[in-house]
Amino acid sequence: MQDMRARSLSLLIFVPACAGDGDRPDPGTGWTTADSARVDAILAPLVATHEFMGAVAFVRNGTVIHAHGVGMADVAAGRPFTPDTPADGGSLAKTLTAAAVWTLVQERRIAIDTPVTAYVREYPHAATTVRQLISHTNGLPPLDEAFAPHFGPLEERTTDGLLAVVRRSMPQPRFVPGTRFEYSNLGFDVAALVVERVTGQPIASVFRERFFAPLGMDSAFARPGRLADFPGPRTLGHRWADTAWVVADVFDNEAFIGGSNVYFSALDLARWAGAHATGNALSPAVLALGHSRPVIDGRPSPITGLSWYCDEADERCQYSGAINAFHSFVHWDRARGEAVAMVSNSDIAPWTLITLQRDLVSALARHEPDGGPREEPAFVPVDARRREVIAGRYAAPDGDTIAVLEAGGADARRMHVRSMFVDFVVPRVEMHPI
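Thresholds applied
- Residues numbered from 1 in each chain as written.
- Predicted model: local features only at pLDDT ≥ 70, side-chain atom pairs only at ≥ 80, totals over all residues.
- Heavy atoms only, no water.
- Helix = DSSP H or I, 4+ residues; strand = E, 2+ residues; numbered from the N terminus.
- Buried < 20%, exposed > 50% of the residue type's maximum accessible area, 1.4 Å probe, protein only.
- Contact = heavy atoms within 4.5 Å.
- Areas by Shrake-Rupley, 256 points an atom, 1.4 Å probe, with all protein chains shown as cover.
- Pairing = 2+ DSSP bridges.
- Axes fitted to C-alpha atoms, helices over the stretch in contact; angles between N-to-C directions.
- Salt bridge = Lys/Arg side-chain N within 4 Å of Asp/Glu carboxyl O.
- Parallel < 35°, antiparallel > 145°, perpendicular 65-115°, else oblique.
- Nonpolar A, V, L, I, M, F, W, Y, C, P; charged D, E, K, R; others polar.
- Expected span 1.5 Å × (residues − 1).
- Polar contact = N/O pair within 3.5 Å; in protein donor to acceptor, adjacent residues only side chain to side chain.

Caption draft 1: Just the overall build of the protein chain, in detail. Looking only at helices and strands, the protein chain has 11 helices and 20 strands in total. Scored against the burial criterion, the 434 residues of the protein chain give a buried share of 54%. Restricting to contacts in the protein chain with at least 6 residues of sequence separation, those with at least 24 account for 69%. Accessible surface computed for the protein chain: about 18500 Å², of which carbon and sulfur atoms make up 52%.

See the structure below:
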């Protein structure tokens, strides 16, 4: 199930722009051959160490200024990964679902603060609103192994089926909706079901007609539940195992769409993000409705209503997705009218992924990266006096929960944590205990 998927903490450090030093600047975009070489130099060491297969794409003012694919979409078949190769986008589907909801709100077909039961009568929690579905404040259970016993091994897991399990096993939400942020995949799947009930169309058709076709996202599609029903050749996830790539794939029989399970190419995501950068992704009225952050227990949410992590000015925004060996990432800058997108079908260590994302944003701003991929952080000791202070669960601004636990036997006298947490995450991320 979805919450069994590999997830990592992704931090994005926004960097100021500076002038490039390459020749032959494009007269319309200012992009140079040296800028392209800078991007290729970011990817080259990761390709050499078998850490990255996939593609990146950069757009400025609606024009693709650089796109590059490396490695294989299917190693066994020898099929290369290009900028047009679609791969599982993970949670980036949420940005589409939120956009569809707010578009229908603007059209007065959905009332955002109306109970979900007004649109999905079988929804089990009568007080939960549509807004709470897409603000991660709904109290639904995570999509984890608790659902597995309720489905046969070959049975497709639809949103309707998942809701039936919730009705039987959890007649009350896990917390009062609206009072707590808890990242919710199922909430967005249900929101997509609301869109389907209101429009009378499958969510795949809504995405295609409202977003994919108008923006030229020609490779994007919502996946079928069964892997055997994929349209055309399928991109496989891979992991490097000592001397060869092995398959580390998505899950079969996932027929829930909304929180995940949409495939994008790097060019698709660059066009989606680039349209946000230029203000063309959605109408001004929809943007005005959805751009603000919901207030949760007196504090603004880390995510906007349209499901983007943004800076304080709401001008530079990003989102990422991950499932097993698939990773995706987009960043867009409204002030500069530019965006970068990455998709990958190779397993990447979290510390390497963080640096790659940051370096791609630096390259977009024509800024030199800070030294390539980081090595695996070492463990550092934490003495007994600090152990009780550090141990616990922390809420990060993006809604993730970070657990710091003591490891070792009963005679362990000191706690060890990854130095990435102590030296890299903590100084840069404001977190509070929960």
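That shown, we press on.
Caption draft 2: Seen up close, the pairing of strand β1 (residues 54–60). For β1, the tally of buried residues reaches 7 of 7 residues, placing the bulk of the element in the interior. Side-chain alternation along β1 places Gly54, Val56, Phe58 and Arg60 on one buried face and Ala55, Ala57 and Val59 on a second face that is also buried. Two elements, β1 and strand β15 (residues 338–344), share 7 bridges in a ladder whose sense is antiparallel. By the bridge assignment for β15, Val59 is matched with Ala339. The pairing of β1 with strand β2 (residues 63–70) spans 7 bridges and is classified as antiparallel. Each bridged residue has a counterpart across the sheet, and for Ala57 the counterpart in β2 is Ala67.

Caption draft 3: Looking closely at the sheet that holds strand β12 (residues 309–310). Read from one edge of the open sheet, 6 strands run β2-β1-β15-β14-β13-β12, paired in antiparallel fashion. Bordering the open sheet on either side are β2 and β12, each of which pairs with just one other strand. Across the sheet, helix α7 (residues 266–278) lies against β1, β2, β14 (326–333) and β15, angled at about 155° from β15, the strand it touches most.

Caption draft 4: Region of the structure containing the pattern of salt bridges. Across all of its chains, the model carries 14 salt bridges by this definition. For Asp113, the salt bridge identified is with Arg131, shortest N-O distance 2.7 Å. One end of the pair, Asp113, is in the loop between α2 (93–106) and α3 (130–133); the other, Arg131, is in helix α3, with 18 residues separating them in the sequence. Judged by its relative accessible area of 49%, Asp113 is partly exposed. Two residues, Arg234 and Asp249, come together in a salt bridge whose shortest N-O distance is 2.8 Å. Of this pair, Arg234 sits in the loop between β6 (221–222) and β7 (238–241) while Asp249 sits in the loop between β8 (244–247) and β9 (262–264), and the two are 15 residues apart along the sequence. Using a relative accessible area of 17% as the deciding quantity, one classes Arg234 as buried.

Caption draft 5: Representation of the packing of α2 against helix α6 (residues 203–215). As a packed pair, α2 and α6 sit with axes 11 Å apart at the nearest point and diverge in direction by 90°. Here α2 lies roughly perpendicular to α6, going by the angle between them. The residues of α6 that touch α2, namely those facing Leu96, Thr97, Ala99, Ala100, Thr103 and Leu104, are Val206, Phe207, Arg210, Phe211 and Phe212. Residue classes in the contact of α2 with α6 are distributed as 8 nonpolar, 2 polar and 1 charged.

Caption draft 6: Structural context of the sheet that holds strand β5 (residues 87–88). With respect to topology, 3 strands assemble into an open sheet ordered β5-β9-β6, the strand pairing being antiparallel. Edge strands, defined here as strands with exactly one partner in the open sheet, are β5 and β6. As defined by bridge partners, β5 adjoins β9 across 2 bridges and the pair is classed as antiparallel. Residue Asp88 lies in a different strand from β9, and its bridge partner there is Tyr263.

Caption draft 7: Layout of helix α1 (residues 33–48). A rise of 1.5 Å per residue sets the reference length of α1, with its 16 residues, at 22 Å; its end C-alpha atoms lie 22 Å apart and thus fit the reference within 8%. Along α1, the residues that are buried comprise Asp35, Ser36, Arg38, Val39, Ile42, Leu43 and Leu46. Of the surrounding secondary structure, the elements contacted by the buried residues of α1 are β1, β2 and α9 (350–364). Where α1 begins, the side chain of Thr32 points an oxygen toward the backbone nitrogen of Ala34, at a separation of 3.3 Å. Where α1 ends, the next residue or the one after it, His50, has phi of about 60°, a positive value.

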